[in-house]
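Residue-level listing of the chains:
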Amino acid sequence: HTSYSTASDHLEPEQPACGMSDKVVRSQSTGAVNSEKRYESAAFWDRWYAQNQTDASVEWTGHINDEVLKKFLEVIDALPKPEGEGKLRICELGCGSSNLAPLLRDHGADVVGVDFSEEVIKANRERIPDIQWECWDALQLTDKFEEAEFDCIIGKTLIDCFMARSDASGSIRKLFEQCRRVLKPHGAVMLLDKASAENIIGRGTAESVRVSPHKCMTFRVLQAAQKSPDEVEDSEPKQKQWEIEVLPDLSKHFVIRQAAAGSGTLVVWSTDEVANSA
C-alpha cells in the first residue's frame, strides 16, 4: 500500500502576508460568490467553457509564471527517472484549458490532462492534439487508470473547486485516496490553490508562492511512501465527529451553523441571557 507521508519540515502558508484564506472561490466571469454545489457540476463547467473558450489557454486563477513553473519542475526533476528511454508519466487533474500540460510535455514528460468537462476536453483535443486528454471524474480515477500508473499528479486550483462543494471534507479525502492508488510508490502530488485547506489536508509541505504582483497561492507537495498495512491504517487522517446536545427548553436560544462547507467547524451563538446562563 502507499500512503502520503507527513513531512517533518511542514510549513504553514504565509496567509496574512498575501491575503490568502480558505474562502469560497469566486467566478471569474461575474465575481459573485458561487453556491456550495456550483463547482460539483460538469454541466456548469461545460456552460462556462462554452461561453469563455478561445483558441488560447485560460488559467482561471492559478497563473503559470516562472516561479510557479520552477516549483513544479523542481519536484518533477527530483523523481526517479524511468529506465531506458522512458518518460515520467504525469497527470494534470482538473486541467481545464490551462497551458500547464504543454509546458510539462515540453519538459520531456508524458502528460495526461484530465477534466470532467466534456466541453473543455473536446477543445483541448482540437487545440493540442499531441497530448492525451481524458474526460473523467477525479473521484473515479481508478475506474479509468491503472494502479501505480503515474509518477506525479498535479492539481492547479483543484482544491479550490473542491472546497466550494457541500461535501468538501469527504470529497477531498476521497480524491487523495484515488490519487494514492494511481500514483507510483515513489510519486508525488502537487497542488496550487488559493485555499490552503490545512484543516482538511493537514499533511505534506506547504508554502506561499507569488502568482502575480498582488496575489499569492498555496503550493503543497505530498510525497508517497511505502508503508506496512498497519502503518497505513495508523497514518490515515482521523475524522472526528462531534455531537451537540441542546436541551429542548433551550433550543430556541441558540443559533448553530456550519462555518464553511466541509470545514468541520460549527459556530454557535447564544441569542439571549437564557442561553448565556445555560
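Right above here is the structure, for reference.
Residues numbered from 1 in each chain as written. Predicted model: local features only at pLDDT ≥ 70, side-chain atom pairs only at ≥ 80, totals over all residues. Heavy atoms only, no water.

Q: Just give me the short version of the environment of Ile 153, but keep the residues and values in it.
A: Mapped onto the elements of the fold, Ile 153 is located in strand S5 (residues 150-156). In this structure, the C-alpha to C-alpha distance between Ile 153 and Met 190, residues 37 residues apart in sequence, is 6.3 Å. When residues no more than four places from it in sequence are discounted, the contact partners of Ile 153 are Cys 91, Leu 93, Cys 179, Val 182, Leu 183, Ala 188, Val 189 and Met 190. (Helix = DSSP H or I, 4+ residues; strand = E, 2+ residues; numbered from the N terminus. Contact = heavy atoms within 4.5 Å.)

Q: I'd like a rundown of the environment of Ile 128, residues and numbers included.
A: Positionally, Ile 128 belongs in the loop between helix H5 (118-127) and strand S4 (132-135). Note on Ile 128: relative accessible area 8%, which makes it buried. For the pair Ile 128 and Ala 101, spaced 27 residues apart in the sequence, the C-alpha separation amounts to 9.6 Å. (Buried < 20%, exposed > 50% of the residue type's maximum accessible area, 1.4 Å probe, protein only.)

Q: Explain helix H3 (residues 66-78) to me, and be specific about the residues and the numbers.
A: With 13 residues, H3 ought to run about 18 Å at 1.5 Å a step, and its terminal C-alpha atoms sit 18 Å apart, in line with that. Those residues of H3 not exposed but buried are Val 68, Leu 69, Lys 71, Phe 72, Leu 73, Val 75 and Ile 76. Its side-chain oxygen at 3.2 Å from the backbone nitrogen of Glu 67, Asn 65 defines the N-terminal cap of H3. (Expected span 1.5 Å × (residues − 1). Polar contact = N/O pair within 3.5 Å; in protein donor to acceptor, adjacent residues only side chain to side chain.)

Q: Describe empty space enclosed by the protein, and please don't skip the residues or the numbers.
A: A full pass over the atoms with the stated rule returns one cavity of 30 Å³ or more. In this structure, the largest cavity occupies an estimated 30 Å³ of space. In terms of lining residues, the largest cavity is bounded by Ile 159, Leu 191, Asp 193, Ala 195, Ser 196, Ala 197, Ile 201, Thr 218 and Arg 220. Those elements giving two or more residues to the lining of the largest cavity turn out to be strand S6 (183-193) and strand S8 (215-226). (1 Å grid on protein atoms, 1.4 Å probe; cavity = no way out; pocket = protein on both sides within 12 Å on 5 of 7 lines; lining within 4 Å. Points joined across faces, edges and corners; volume = space filled by probe spheres on them.)

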